[in-house]
Amino acid sequence: MKIWLDGGLQDTESARVSVFDHGLTVGDGIFETVKATDGKTFALTRHLDRLTRSARGLGLPDPDLDEVRRGCAAVLDANPLPFGRLRITFTGGHGPLGSDRGEHGPTLVIALGEAKRRPDSTAVVTVPWTRNERGALVGLKTTSYAENVVALARAHQHGASEALLANTVGQLCEGTGSNVFVVLDGEIHTPPVTSGCLAGITRALTVEWTGAKETDLPLDVLERADEVFLTSSLRDVQAVHLLDDRQLPGVAGPVTAKAMRVFDERSADDLDP
């Protein structure tokens with residue numbers, strides 16, 4: 001396998017990033033995960049726009065998007081896969097052992113990993129930890145992902161693929177790596193970005209293509225929602241058939257089934273919507 005590191009392709013066995021890179025020492029970095037099918041990316045422009053927004057929010061220099069596009073194309077060409085996770089990571093670069101940044105400039109890594117296609121439905125759990133909707137990193141896709149690692153591990157311990165979190169005021173927020181939608185009386189709702197959730201790329205397209213409403217929702221909406229589904233770059237739209245101990249219709253839910261069909265059709269028509 002070959003990766004793109006700071007301007008060119010390198011073998012994964014020989015590629016090196018400094019042990020003093022700020023992305024490693026303090027989690028000072030951002031990233032994007034892009035779906036790649038037979039060497040073609042989906043919604044790359046939207047992902048790169050968000051990469052820039054995240055960089056600015058973190059105080060990093062704007063990434064060179066022309067280089068990022070070249071790197072993505074080179075990695076995909078060098079590593080042919082039928083279905084993969086293209087990961088773009090942009091960090092603060094070599095820095096001191098503390099929160100202050102160094103002056104060496106950022107690090108850019110682009111790598112591709114094989115991914116499994118998700119099942120049409122999944123199980124999720126709620127967890128006791130919260131998102132801070134007023135935190136400095138709200139809305140930024142950063143490499144400071146330890147909270148997600150802990151919550152996802154809890155989900156896996158309970159046989160689920162995702163964990164759902166509330167924010168500090170008890171509103172439904174998001175999953176560790178997904179956005180959540182609920183169906184109430186035939187209408188689709190999803191938490192607004194003011195809840196503290198990430199402005200997901202698939203989330204935005206799902207709202208646009210299905211007419212879903214952005215609504216402040218209490219966490220206990222999950223106890224009465226008729227249907228629940230998740231969205232993310234690799235999940236697309238995925239039904240939920242089990243939430244904690246509550247059985248849900250999953251792909252048999254008519255609203256979710258339609259949302260899945262609409263997303264599949266619209267995304268197939270335009271790879272960079």
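Everything below is about the structure printed above this text.
Residues numbered from 1 in each chain as written. Predicted model: local features only at pLDDT ≥ 70, side-chain atom pairs only at ≥ 80, totals over all residues. Heavy atoms only, no water.

(A) Broad picture of a negative patch on the surface. The grouping of Asp264, Glu265, Asp269, Asp270 and Asp272 at the surface amounts to a negative patch. Here Asp270 shows up in the segment after helix H6 (254-269). With a relative accessible area of 35%, Asp270 lands in the partly exposed category. (Patch = residues over 30% accessible without salt bridge, like charges linked within 9 Å, V, L, I, M, F, W, Y side chains within 5 Å. Areas by Shrake-Rupley, 256 points an atom, 1.4 Å probe, with all protein chains shown as cover. Salt bridge = Lys/Arg side-chain N within 4 Å of Asp/Glu carboxyl O. Lys, Arg positive; Asp, Glu negative; His and termini not counted. Charge placed at Lys NZ, Arg CZ, Asp CG, Glu CD. Helix = DSSP H or I, 4+ residues; strand = E, 2+ residues; numbered from the N terminus. Buried < 20%, exposed > 50% of the residue type's maximum accessible area, 1.4 Å probe, protein only.)

(B) Focus on the sheet that holds strand S6 (residues 107-114). Across the sheet, 6 strands lie side by side as S2-S1-S6-S5-S3-S4; this open sheet has antiparallel pairing. Lying at the two open borders of the sheet, with one neighbouring strand each, are strand S2 (8-11) and strand S4 (40-41). Bridge analysis of strand S5 (residues 83-91) against S6 gives 8 bridges, and the strand direction is antiparallel. Residue pairing for S6: Thr89 is matched across the bridge by Val109. Contacts between helix H2 (residues 44-58) and the sheet are confined to strand S3 (29-37), S4 and S5, with S3 contributing the most and set at about 175° to the helix. In the packing of helix H3 (residues 65-78) onto the sheet, contacts are made with strand S1 (2-5), S2, S3, S4, S5 and S6, and the angle to S6 comes to roughly 30°. (Pairing = 2+ DSSP bridges. Contact = heavy atoms within 4.5 Å. Axes fitted to C-alpha atoms, helices over the stretch in contact; angles between N-to-C directions.)

(C) How the structure looks around the layout of surface pockets. In this model, the second largest pocket occupies a volume close to 290 Å³. In terms of lining, the second largest pocket is formed by 14 residues, of which the most central are Lys35, Thr37, Phe83, Arg117 and Asp236. Secondary-structure elements contributing two or more residues to the lining of the second largest pocket are S3, S4 and H6. Tallying contributions element by element places H6 first for the lining of the second largest pocket, with 3 residues. Here the residues of the lining of the second largest pocket are counted per class, giving 5 nonpolar, 3 polar and 6 charged. (1 Å grid on protein atoms, 1.4 Å probe; cavity = no way out; pocket = protein on both sides within 12 Å on 5 of 7 lines; lining within 4 Å. Points joined across faces, edges and corners; volume = space filled by probe spheres on them. Nonpolar A, V, L, I, M, F, W, Y, C, P; charged D, E, K, R; others polar.)

(D) Local environment of the packing of aromatic side chains. Counted under the stated rule, the structure contains 4 aromatic pairs. Centre to centre, the rings of Phe42 and Phe263 are 6.1 Å apart; their planes meet at 70°, and the pair counts as edge-to-face. Of the two residues, Phe42 is situated in the loop between S4 and H2 and Phe263 in helix H6; the sequence distance between them amounts to 221 residues. Exposure remark for Phe42: the relative accessible area of 8% places this residue in the buried category. Each ring, one from Trp209 and one from Phe263, has its centre 5.3 Å from the other, and the planes form 50°; the classification is tilted. With Trp209 in helix H5 (residues 201-210) and Phe263 in helix H6, the pair connects residues that are 54 residues apart, well separated along the chain. For the pair formed by Trp209 and Phe263, the shared burial category is buried. Three or more aromatic residues joined by ring pairs make a cluster, and in this case those are Phe42, Trp209 and Phe263. Across from the ring centre of Phe31, 3.8 Å away, lies the NZ or CZ of Arg87, which sits over that ring. (Phe/Tyr/Trp six-rings, centres within 6.5 Å; stacked < 30°, edge-to-face > 60°. Lys NZ or Arg CZ within 6 Å of the ring centre and 35° of its normal.)

As far as function goes, none of this settles anything; it's purely spatial.
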